[in-house]
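# What the coordinates show
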There are 2 protein chains.
Amino acid sequence: MTTFRTLDQANEAIAQKIIDAQPRLVDVVPARTVIAALEGKLILHAGPPIAFADMPEPVQGAAIGAALFEGWARDEAEARRVCEEEVQFAPNHHYQAVGAMGGILTGSLPVFVVENATEGNRAYTTMHEGEGKVLRFGVYDEAVGEHLRWMRDVLGVGLSRAVKLFPDGGLPINPILAQAVAMGDDFHVRINAASSLMFRDLAPKLARVGLPQEALEEVLDFLSGNVNFFLTLGMAAGKAVLDAAATIQDGSVVTCMTRNGREFAIRVSGLGDRWFTGPEEPLETLYFPGFSDADACPDTGDSAIVEAYGFGGLVAVAAPAVQQLVGTGGGGFADALATSEEQAEIVVTSNPNMPIPNWDFRGVPVGIDIRKVVETGIAPLITTAVMHKKAGIGQVGVGKVRAAMSCFTAALEALAEAHGTATQA
Amino acid sequence: MTTFRTLDQANEAIAQKIIDAQPRLVDVVPARTVIAALEGKLILHAGPPIAFADMPEPVQGAAIGAALFEGWARDEAEARRVCEEEVQFAPNHHYQAVGAMGGILTGSLPVFVVENATEGNRAYTTMHEGEGKVLRFGVYDEAVGEHLRWMRDVLGVGLSRAVKLFPDGGLPINPILAQAVAMGDDFHVRINAASSLMFRDLAPKLARVGLPQEALEEVLDFLSGNVNFFLTLGMAAGKAVLDAAATIQDGSVVTCMTRNGREFAIRVSGLGDRWFTGPEEPLETLYFPGFSDADACPDTGDSAIVEAYGFGGLVAVAAPAVQQLVGTGGGGFADALATSEEQAEIVVTSNPNMPIPNWDFRGVPVGIDIRKVVETGIAPLITTAVMHKKAGIGQVGVGKVRAAMSCFTAALEALAEAHGTATQA
């Protein structure tokens, strides 16, 4: 292991690993084939560790649905009992995985396999199911099960074959990120461009993998109609890239941000796998018609990996369309610019390979430094989908939320303890 | 015919027609099936009327290529003689058509058929051939001919069937324009988002029109790889929309801007089909490596219909990535914003259905008013591809150019003559 004289040197090395990373979508497979522990009665979830009893209702609903999908129970009541008594729960992050909303993952669900070609490590995530009645919003019935089986046995099989037709054996993700950040995406609540570019890359391959005609039509219809399909792929790319960066076990860079509906949590490069948790900050939400704060589930999901990766709220300037949804102070371009200017104060550097035209070609922010967060008092800003607090209703709005400052202060104290007092930025 | 009390009232009615228009891609067919005059030895070209002898070399080259493609000659020398002695030439605009670069169109070439559903009128344009050795850059050989036949007999047939599968019998163009103007496109030199969205709409339909496997793969590969494919579709939409607007034969709105490599030309709503021409302004070009002003063909093409439609240089603020190519004064976001703010001074109104997030959701400019152009001294700004002055070399850079002010002053004088003196804005 390389040792660094200063935290700054370590942070620069970490940032360089993030900039140099080459994430690629290399396969789609049932999760148990790549996460061996999922052969057992294990359910992975978003955020730091949490007991089933403490999970928000839609996350419990998704876990119950997953238990039914796995055939661990015949009905909802039995599935609930199984979740309460028999199932082991663990964070996705403990198994190189991430998941949107509740992030529920079991062995039979299909996952994207993202490989970071520069380091060879992999990350996993479920595929975006579309909107409406879907498992990630805590609903499960025969139709949801059928859709999940179709995603595994038709869509997943097609994509698995298709990505292997790319020159390097996988769909390169950097070109999609680099183009889409110049096309209005923040990759967290606006993913239209990336989803379109991904579809443009994949469709010609999908047409040549021997799918039956009906399957090909279904797959193209689904991908064409799902403007958010890239969301979890971006998350998994972030996970693969930040896991590789975290192999430098030094420095003060955030390698993960996540939340389980009760707590916000981070991990930091110099502090290994330790979780630093804090109470969630209140969401500021623009609700869809008919919904209000009274309906909102607390902020949930591993999707804040997008911000740890440098996108989402940090690239607000790239996605001014989002300001209509999550902006304050008028919601115009100036607010988006001010948000990115503020967030740039807490990062190590910027990525010259991903210039943002709206920002005079300044690069995407790289590496949130917990020292800078604490010293400036600027918490990372996260844009996010807000789901209903009851299972089965789904998304009720789009919001923004600040990372919990107490995570950063606690992590900085731990870092000071580990390094002596030389932790000032 | 409705009569209006003032030019302003007429202009507002024209602007409303532009805003209300519903252009759709309804077919792809050989040009002669929709433009009967192309049964004869007629070649259509970009810009106002021009004789073959006066055309820039690449435009002559494209005409010679088209003559060979039509089988009017066996070799280049004979084709040149045919063009000089036998062929009739006329502007695309005289036949509800538009064309990129030289804009050469003959009967056997396939064309997009765009219908404006609100008025039922149609417009035509050749499809974008891709880059490299292509007819629009004035090159013709066996490979170019083969590609054009493939575009007509495979791509064109596939698209013709595919667009008929949309609910209203055509691919709606407004949703693509409205989304892509929020995704960094100006639709003239940056068309990546629109081309991607168009592909996302078309691919699932193309998969179900019964193309042989090899043809389907070729078509998807071609469309997936051509980031500029939407260019001419946007031009034809502009033509269909502005032709419908021009049925109000009153007011002072520009209904067409175009250039033939010698002259810039406009038409104006209150002045019928009359051309107002002037000398071309010099291009400001960012050249690809190895090229300079000495290589540039004068500005050519009907593509300035994009600016007459309200896009291109007018929406610079929406496409700051283009500033790297065509910007002045640093090429940053502020320049893009200043350009759109300036151009907004010469239009009638803006389109509330196409808000630009980068511009605090201000709408796309609608209706260039020649009175405002003359009074402010602000000429419309056109972003454009610049081609080599010799046939067969192709694009050498990306540039910007001002519309020729003398066209506007001459048109305003004609309008004053027609209307008395009440022509002040």
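These figures come from a predicted structure and were not determined experimentally.

What counts and what doesn't
In this numbering scheme, every chain counts its residues from 1 along its sequence in written order. All chains are assigned letters beginning at A, and all ligands numbers beginning at 1, according to the order in which they are written. Side-chain atom pairs in this predicted model are given and counted only at pLDDT of 80 or more, local residue features only at pLDDT of at least 70, and totals for whole chains, interfaces and linings cover all residues. Hydrogen atoms and water are omitted, and side-chain values are computed over all heavy atoms in the structure. Residues reaching a pLDDT of at least 70 in both copies supply the C-alpha atoms on which the copies are superposed by least squares. The criterion used for residue contact is that any of the two residues' heavy atoms lie within 4.5 Å. The set of buried Ala, Val, Leu, Ile, Met, Phe, Trp, Tyr and Cys residues whose side-chain atoms join them within 4.5 Å is what this entry labels a nonpolar core. A 1.4 Å probe rolled over the protein chains alone gives each residue an accessible area, and that area as a share of the maximum for its type sets the label: buried under 20%, exposed over 50%, partly exposed in between. What fixes the domain bounds is an automatic or database domain assignment. Note on definitions: buried area is the accessible-area loss of two parts on being combined, 1.4 Å probe, summed for both. Under the rule applied, a polar contact is a pair of N or O atoms within 3.5 Å (in protein, one hydrogen donor and one hydrogen acceptor; residues adjacent in sequence only if both atoms are side-chain atoms). Secondary structure is summarised from DSSP: a helix means a run of H or I of at least four residues, a strand means a run of E of at least two, and numbering begins at the N terminus for each. In this analysis, axes come from line fits to C-alpha atoms, helices being fitted only over the stretch in contact, and the angle between any two N-to-C directions falls in the range 0 to 180 degrees. By definition in this entry, angles of less than 35 degrees are roughly parallel, angles greater than 145 are roughly antiparallel, angles of 65 to 115 are roughly perpendicular, and the rest are oblique. Handedness of a crossing follows from how the near helix is turned relative to the far one, being left-handed for an anticlockwise turn of less than a right angle and right-handed for a clockwise one. When DSSP finds at least two bridges between two strands, those strands are taken to pair. Of all possible arcs, the one meant is that of the directions from the helix axis to the C-beta atoms. Within this document, salt bridges are pairs made up of a side-chain nitrogen of Lys or Arg and a carboxyl oxygen of Asp or Glu, the two lying within 4 Å of each other.

### Here we look at the relation of the copies chain B and chain A
Each copy superposes on the other: chain B lies on chain A with an RMSD of 0.0 Å after a rotation of 180° and an axial shift of 0.0 Å. With respect to symmetry, the two chain copies, as superposed, fit the operation of a two-fold axis. Rotation axis and chain B: the residue whose C-alpha lies nearest the axis is M183 of chain B, separated from it by 2.0 Å. Of the interface residues in chain B, 100% have counterparts in chain A that sit at the interface too, so the contact is made through matching surfaces.

### What about the nonpolar core?
Proteins that are soluble and globular tend to have nonpolar side chains buried together. Of all hydrophobic cores here, the largest spans 298 residues; its most connected members are M257 and I266 of chain A together with M257 and I266 of chain B. Among all residues touching I266 of chain B, those that are not within four sequence positions of it are V254, C256, M257, R274, W275, F276, I370, C407, F408 and A411 of chain B.

### What about the domain arrangement of chain A?
All names here are of chain A. Domains assigned within chain A are domain 1 (22-233) and domain 2 (248-419). Each of domain 1 and domain 2 has a C-alpha centre, and these two points are 22 Å apart. If you look at the interface, domain 1 gives 39 residues, while domain 2 gives 48 residues. Of the roughly 3,200 Å² buried where domain 1 meets domain 2, counting both sides, 67% is carbon and sulfur surface. Considering only the side of domain 1, the residues that lose the most area to domain 2 are H93, M101 and H188, jointly responsible for 20% of the buried surface there. The interface formed by domain 1 and domain 2 includes 15 residue pairs in polar contact (both at pLDDT 80 or more). When contributions to the side of domain 1 that touches domain 2 are tallied by element, the ones reaching two or more residues are helix 2 (57-69) and helix 5 (174-180). Here the element with the most residues in the side of domain 1 that touches domain 2 is helix 2; it accounts for four residues.

### Considering the packing of helix 7 (residues 213-225) of chain A against helix 6 (residues 192-206) of chain B
Axis separation between helix 7 of chain A and helix 6 of chain B bottoms out at 9 Å; the angle between their running directions is 165°. The angle between the axes of helix 7 of chain A and helix 6 of chain B places the two elements in the roughly antiparallel class. Pair helix 7 of chain A / helix 6 of chain B crosses with left-handed handedness. Contact with helix 7 of chain A, carried on its side by L220, D221 and S224 of chain A, involves R200, D201, A203 and P204 of chain B of helix 6 of chain B and no other residues of that element.

### Observations regarding the sheet that holds strand 7 (residues 171-172) of chain A
All names here are of chain A. What the five strands build is an open sheet, ordered 4-6-5-1-7; its pairing is mixed. Where the open sheet ends on each side, the last strands, each with one partner, are strand 4 (97-98) and strand 7. The pairing of strand 1 (residues 23-30) with strand 5 (residues 110-116) spans seven bridges and is classified as antiparallel. Bridge pairing in strand 5 links V28 to F112. Strands in contact with helix 4 (residues 142-163) are strand 1, strand 5 and strand 7; relative to strand 1, the strand with the most contacts, it is inclined by about 140°.

### Quick notes on helix 11 (residues 333-343) of chain B
Every buried residue of helix 11 of chain B is listed here: F333, D335, A336, T339, S340 and Q343 of chain B. Within helix 11 of chain B, the buried residues cover an arc of 165° as seen down the axis, which keeps them to one side.

### Considering the pattern of salt bridges
Residues and elements named next belong to chain A. Following the criterion strictly, the structure yields 46 salt bridges over all chains and no others. Two residues, R149 and E142, come together in a salt bridge whose shortest N-O distance is 2.8 Å. Relative accessible area serves as the criterion here: at 30%, R149 is assigned to the partly exposed category. For E142, a relative accessible area of 54% corresponds to the exposed category. We note a salt bridge from R362 to E341, for which the minimum N-O separation is 3.2 Å. Note that R362 is positioned in strand 14 (residues 362-368) and E341 in helix 11 (residues 333-344), a separation of 21 residues in sequence. Residue class for E341 comes out partly exposed when judged on its relative accessible area of 35%. Within this structure, K41, R81, E85 and E86 form a network of salt bridges that share partners.

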